[in-house]
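Fold and geometry: a report
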Amino acid sequence: MSAAVKRRDLGAAVLLGVPVLLCALAIVVPLVLTLIISFWERQMIGMRPGFSLASYALFFDGARFSVLQRSFWVATSSTLLMLASAYLVAYLITFKLPPSRTRIFLFLLSVPFLVNYVIRTFSWAYLLGRTGPLNQFLQWAGLTSHPIDWLLFSDFAVYLGLVAAYMPFMVYPIWLSLSAIDRRLIEASWMLGEPPLGTFLKVVLPLSLPGVFAAAIFGFVGAFGEVAVSQILGGVGYQLMGNAITSSLDVLNYPMAAAMSTVVVGCMLLLLLLWLRFFDLRLFLGKMLGR
Amino acid sequence: MSPSPLLHVHAVRKQFGKQVTAAGVDLQVANGEFFTMLGPSGSGKSTILRMIAGLEHPDSGRILINGQDVTDLPPWRRDLGMVFQQYANFPHMTVAQNIAYGLRRRKLDREAVRKRVSELLDLVSLPGFEERPVTRLSGGEQQRVAIARALAPRPRLLLLDEPLSALDEKIRREMQAQLKDIQRVTGTAFVYVTHDQEEALTMSDRVAVLNWGHLVQVDEPHALFRHPRTKFVATFFRGSNVVEGKLVGQGRSSIFECSAFRVALPELPSKFAHPPAVAIRGEDLRINGHPSPEDITFDAVLERVVYRGVYTDYQLRLVDGQVVTASATSGQNLPAGQKVQVAVRPEGITPLQAEPA
Ligand SMILES: Nc1ncnc2c1ncn2[C@@H]1O[C@H](COP(=O)(O)OP(=O)(O)OP(=O)(O)O)[C@@H](O)[C@H]1O
Ligand SMILES: [Mg+2]
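Residues numbered from 1 in each chain as written. Chains lettered and ligands numbered in written order. Predicted model: local features only at pLDDT ≥ 70, side-chain atom pairs only at ≥ 80, totals over all residues. Heavy atoms only, no water.

**With respect to the interface of chain B and chain A**
Worth spelling out the cut-off: The contact rule is simple, with two residues in contact once any of their heavy atoms fall within 4.5 Å. A simple way to read buried area is as the amount of 1.4 Å-probe accessible surface that goes missing from two parts once joined, with both sides added. The working definition used for a salt bridge is a side-chain nitrogen of Lys or Arg within 4 Å of a carboxyl oxygen of Asp or Glu. What qualifies as a polar contact is a pair of N or O atoms within 3.5 Å, subject to a donor-acceptor requirement within protein and to the restriction that residues adjacent in sequence count only when both atoms come from side chains. The way it works is that DSSP assigns letters per residue, a run of H or I at least four long becomes a helix, a run of E at least two long becomes a strand, and they are numbered from the N terminus. Under the convention adopted here, Pro, Cys and the residues Ala, Val, Leu, Ile, Met, Phe, Trp and Tyr are nonpolar, Asp, Glu, Lys and Arg are charged, and Gly plus all remaining residues are polar.
Opposite the 26 residues of chain B that make contact, chain A presents 21 residues. Roughly 2,200 Å² of surface becomes buried between chain B and chain A when both sides are summed, with 70% attributable to carbon and sulfur atoms. For the pair chain B and chain A, the number of links is one salt bridge. Between Arg50(B) and Glu187(A) there is a salt bridge; the shortest N-O distance is 2.8 Å. The interface formed by chain B and chain A contains three residue pairs in polar contact (both at pLDDT 80 or more). When contributions to the side of chain B that touches chain A are tallied by element, the ones reaching two or more residues are α1 (45–53), β6 (81–83) and α4 (139–151) of chain B. For the side of chain B that touches chain A, the per-class residue count stands at 15 nonpolar, six polar and five charged.

**Side note on the UniProt feature "domain: ABC transmembrane type-1" (unreviewed entry) in chain A**
This is how the line gets drawn: UniProt positions are given in the numbering used here, feature names are shortened, and annotations may be inferred rather than shown by experiment.
Taking the numbering used here, the UniProt-annotated feature "domain: ABC transmembrane type-1" (unreviewed entry) corresponds to residues 68–275 of chain A. Helix makes up 78% of residues 68–275 of chain A and strand 0%, and the two end C-alpha atoms of the span are 21 Å apart.

**A short note on the UniProt feature "domain: ABC transporter" (unreviewed entry) in chain B**
Within this structure's numbering, the places UniProt gives as "domain: ABC transporter" (unreviewed entry) are residues 7–237 of chain B. As annotated, residues 7–237 of chain B has a helix share of 34% and a strand share of 26%, and its two end C-alpha atoms lie 27 Å apart.

**Here we look at the pairing of strand β3 (residues 34–38) of chain B**
Residue and element names in this part refer to chain B. We count it as follows: When a residue's accessible area, from a 1.4 Å probe over protein chains only, is under 20% of the maximum for its type it is buried; when over 50% it is exposed; and in between it is partly exposed. Strand pairing follows a simple DSSP-based rule, namely that at least 2 bridges must link the two strands.
Extensive coverage of β3 is indicated by the burial of five of its five residues. Burial of β3 is two-sided: the residues Phe34, Thr36 and Leu38 facing one way and the residues Phe35 and Met37 facing the other way are all buried. In this structure, β3 lies alongside strand β8 (residues 189–194), joined through five bridges in parallel fashion. Bridge pairing in β8 links phenylalanine 34 to phenylalanine 190. Two strands pair when backbone bridges link them, and β3 and strand β9 (residues 206–211) are joined in this way by four bridges, in the parallel orientation. Paired with phenylalanine 35 across the bridge in β9 is arginine 206.

**Regarding the UniProt feature "transmembrane region" (unreviewed entry) in chain A**
Residues and elements named next belong to chain A. As recorded in UniProt, the sites labelled "transmembrane region" (unreviewed entry) are residues 12–40, 72–93, 105–127, 156–178, 199–224 and 256–279. Between the C-alpha atoms that bound residues 12–40 there is a distance of 41 Å. The span itself is 90% helix and 0% strand. Taken end to end, residues 105–127 is 74% helix and 0% strand, and its two terminal C-alpha atoms sit 25 Å from one another.

**What to know about the pairing of strand β17 (residues 296–308) of chain B**
Residues and elements named next belong to chain B. Judged from the six bridges that link them, β17 and strand β20 (residues 339–344) form a sheet pairing that is antiparallel. Looking at β20, one finds that alanine 300 is bridged to valine 340. The sheet contact formed by β17 and strand β18 (residues 311–317) spans seven bridges and is antiparallel. Paired with valine 306 across the two strands is aspartate 313, which belongs to β18.

**Examining the layout of surface pockets**
In this approach the atoms are scanned with a rolling probe the size of a water molecule, which exposes any empty space left behind. Residues and elements named next belong to chain B. Note the cut-off: In this analysis the probe radius is 1.4 Å and the grid spacing 1 Å, with only protein atoms considered; a cavity is a set of points the probe fits into but cannot get out of, a pocket is an open set with protein on both sides within 12 Å along at least five of seven lines, and lining residues have an atom within 4 Å of a point. Grid points are joined across faces, edges and corners, and a volume is the space filled by probe spheres set on the points.
One number sums up the size of the largest pocket: a volume of about 530 Å³. Around the largest pocket, the lining comprises 18 residues; the ones closest to its centre are Arg238, Gly239, Arg281, Glu283 and Ser327. The set of elements that each furnish at least two residues to the lining of the largest pocket consists of α6 (197–203), β11 (240–244), β18 and β19 (323–329). Among the elements that take part in the lining of the largest pocket, β19 stands out by supplying four residues, more than any other. Considered class by class, the residues forming the lining of the largest pocket number five nonpolar, seven polar and six charged.

**Quick notes on the site of ligand 1**
Residue and element names in this part refer to chain B. Quick reminder of the rule: To be near a molecule or strand, a residue needs just one of its heavy atoms within 4 Å of it. Throughout, the Shrake-Rupley method with a 1.4 Å probe supplies accessible areas, and for residues the shown protein chains are the sole cover considered.
Phe16, Gln19, Thr21, Pro40, Ser41, Gly42, Ser43, Gly44, Lys45, Ser46, Thr47 and Glu162 make up every residue found near ligand 1. Take lysine 45: an N or O atom from its side chain is 2.8 Å from an oxygen atom of ligand 1. A distance of 3.2 Å separates an oxygen atom of ligand 1 from a polar side-chain atom of glutamate 162. Look at ligand 1: alone it shows 630 Å² of surface, and the protein chains cover 60% of it. No other element matches the three residues that α1 contributes to the shell around ligand 1.

**A short note on the sheet that holds strand β21 (residues 349–351) of chain B**
All names here are of chain B. Condition: Each axis is a line fitted through C-alpha atoms, taken for helices only over the stretch in contact, and angles between the N-to-C directions span 0 to 180 degrees.
Within the open sheet, the three strands sit side by side as β11-β15-β21. Their pairing is antiparallel. Edge positions in the open sheet fall to β11 and β21, since each of these has one partner strand only. Averaged over all pairs of adjacent strands, the angle between their axes in this sheet comes to 30 degrees, without regard to strand direction. Both β11 and strand β15 (residues 277–281) contribute to a ladder of five bridges, which runs antiparallel. Counterpart to asparagine 241 in the pairing with β15 is isoleucine 280.

**Some remarks on the domain arrangement of chain B**
Residue and element names in this part refer to chain B. Rules: The domain limits used here are those given by an automatic or database domain assignment.
Each assigned domain of chain B is listed here: domain 1 (7–226) and domain 2 (231–351). Distance from the C-alpha centre of domain 1 to the C-alpha centre of domain 2: 38 Å. Taken together, the 14 residues of domain 1 in the interface contact nine residues of domain 2. Of the roughly 1,100 Å² buried between domain 1 and domain 2, counting both surfaces, carbon and sulfur atoms make up 64%. It is Gln197, Phe225 and Arg226 that lose the most area in domain 1 upon contact with domain 2, and together they represent 54% of the buried surface on that side.

**Digging into unusual backbone geometry**
Going from His274(B) to Pro275(B), the amide bond is cis rather than trans, its omega being 0 degrees. Mapped onto the secondary structure, Pro275(B) falls in the loop between β14 (262–265) and β15. Located in the positive-phi region is Phe153(A), a residue other than glycine, with phi close to 55 degrees. Its place among the elements puts Phe153(A) in the loop between α6 (133–140) and α7 (155–179). You can call Phe153(A) exposed: its relative accessible area is 53%.

**Brief notes about the pattern of salt bridges**
Residues and elements named next belong to chain B. Summed over all chains, the structure comprises 29 salt bridges over all chains. Lysine 14 is the salt-bridge partner of aspartate 59, the closest N and O atoms lying 3.9 Å from each other. You can see aspartate 59 sitting in the loop between α1 and β4 (60–65) and its partner lysine 14 sitting in strand β1 (residues 7–16), a full 45 residues away along the chain. Take lysine 14: its relative accessible area is 9%, and that puts it in the buried class.

**A word on the nonpolar core**
Basically, it comes down to this: Throughout this description, the term nonpolar core refers to a set of buried Ala, Val, Leu, Ile, Met, Phe, Trp, Tyr and Cys residues connected via side-chain atoms within 4.5 Å.
Ile174(A), Leu7(B), Leu27(B), Met37(B), Leu157(B), Leu159(B) and Val191(B) are the most contacted members of the largest nonpolar core, which totals 101 residues. Tallying contributions element by element places α7(A) first for this core, with 12 residues. With residues near it in sequence (within four places) discarded, Ile174(A) still touches Leu83(A), Ala86(A), Tyr87(A), Ala90(A), Gly211(A), Val212(A) and Ala215(A). Formed by 34 residues, the second largest nonpolar core is a distinct cluster that contains Ala96(B), Ile99(B), Phe190(B) and Met203(B).

**Quick word on the environment of Leu151(A)**
All names here are of chain A. Position of leucine 151 relative to the elements: it lies in the loop between α6 and α7. Separated by 24 residues in the primary sequence, leucine 151 and leucine 127 place their C-alpha atoms 9.2 Å from one another. With residues up to four places along the chain from it excluded, the contact list for leucine 151 reads Leu128, Leu134, Asn135, Leu138, Phe156 and Ala157.

**Quick look at the packing of aromatic side chains**
Residue and element names in this part refer to chain B. Formally: Geometry of aromatic contacts follows a simple scheme: Phe, Tyr and Trp rings, the Trp one being its six-membered ring, pair when their centres are within 6.5 Å, and the pair is stacked under 30 degrees between planes, edge-to-face over 60, tilted otherwise.
One pass over the structure, following the stated rule, counts 23 aromatic pairs over all chains. Measuring from centroid to centroid gives 5.7 Å for phenylalanine 232 and phenylalanine 236, while their planes differ by 35 degrees, and the two rings are tilted. One end of the pair, phenylalanine 232, and the other, phenylalanine 236, are both in helix α8 (residues 231–236), four residues apart, so they sit about a helical turn from each other. A relative accessible area of 15% places phenylalanine 232 in the buried class. Each ring, one from phenylalanine 236 and one from phenylalanine 237, has its centre 6.0 Å from the other, and the planes form 85 degrees; the classification is edge-to-face. Owing to a relative accessible area of 17%, phenylalanine 236 belongs among the buried residues under this scheme.

Here is the structure:
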């Protein structure tokens, strides 16, 4: 019997090991290369192996650092915005929609993703432009006498683009944890004298936090690394981290691009570590909910 | 005018689609009473309980608590406690936080809350469990936490929906006794839902038997057990026999006649079952005993003997083919296939009414 168990263990190890190895190769190798190159020295054309902190120094006191700060701010604030709207959508799907409609609604949420992401972003640019349908409509309706400029190439456009790009993804984890909540917990809370708002704050919200954290990671990672939305909807001067990295690549400053990437990856890792602490909580909550 | 009862459910109807789950239910529960609703699955027990709780709204009829009409009051304004079958404790809270949940709105200071929580943990025999995560408890312990939680704010009435049915046999027996004690000590009125006849009989002051959304009979346990009013109630309790026959003669005391025996029924129910039938408990049928003069006796064939431990069941075939089961303390050695004499006292024969339509 123990031989059989061993053989099974071996089988499992191979079955698990191969994909893990492939993932490691595909993810870790480029990351390590990036890290190494970030310490190389830039030359007029190309770069030279070595160990130099020059790129980091330049990054941290140059204008690019403010791009990092700005990216951080945009990612954080848009994530909060997306969380609020995704939560509302997930809440309505879970509690207000008849169960027979849930599937179709969740499917509808994924329909935009059938269209290529860059094309979707460009169509926003068309919709929001000075001569675009939205401005035309507003003028036709008499709400404004001249085209509104801030609809496109503005923070507004970037936030709208980010919400459209990532919010639908965030609905799913929140919906999952909301629909795992036993309705009788809500009824029990009512019976103990807690009206719906108090019940939401004391029972529903805490129990849905695992999904909220997962959604927050989706949104933040997406928004922080965004290139297309900021470039297409933000306009020429609008730079987020992703744009700064691509423009470094455009001028062949590979060590600089690598250094910036390393900083971004470092930030993400830090966030993921934080999340892992909550991930434990998630397992814990999952057990408590009997799932 | 008599004081209004604690709970008065008046002509309450509820229908889901075509399914009538409460067909004009009337019931009253007094202060401190242990009231049980007993019925098979789907008979509407939970629906009636949930309407009392305010979790469902009746299509028509009123629900009054202490004379106050609460029909349109939401559950969080009714001051009732509820215990669910699957505990429904808040999984993200400790035992103490669960029990204190309903106290938060009472604006008690922390010391008072702590005191009340430990008081309740003593009541449900879980002293010192305050800081345990509620999910790490056994089923019986979880249900006791749920009971303590529901009782903490001193509800006017505690509603329990099959609270013990998720527990295994042994724990269930222990919990039955404990629940009864808790009810007696706190003096809280309980409205208890179960489909377990023994649970209903052992714990309750009064039992309401439900079928298809009708309250078929509301009585004290012994009355219900000894004198079922309809065929449904009679067959619901294990060990009852229904014998069909016909009515002979009219007037205040009619005579019920079947192939095996005739009996004068002292008082007739208003709507006699159709076909006419009577109920006889298996323990009341005595085989080859020494009948006293007033006993009714008849012959039957002993078809089968089923040993059940303390009791043995004897399946008897009457002359017209109807089968009844007598039970007696084991020990009497009777071979199957034999002709026997059966005796029953007239009080043991209960006339049955028609089922409510
Ligand atoms: N929300 C609802 N929607 C539709 N039908 C319902 C609903 N709630 C209950 N019913 C129906 O009403 C009937 C009675 O249900 P109820 O839950 O009150 O029965 P019960 O006596 O508590 O049964 P059980 O012992 O199985 O819990 C059932 O046929 C059920 O299908
Ligand atoms: Mg039920």
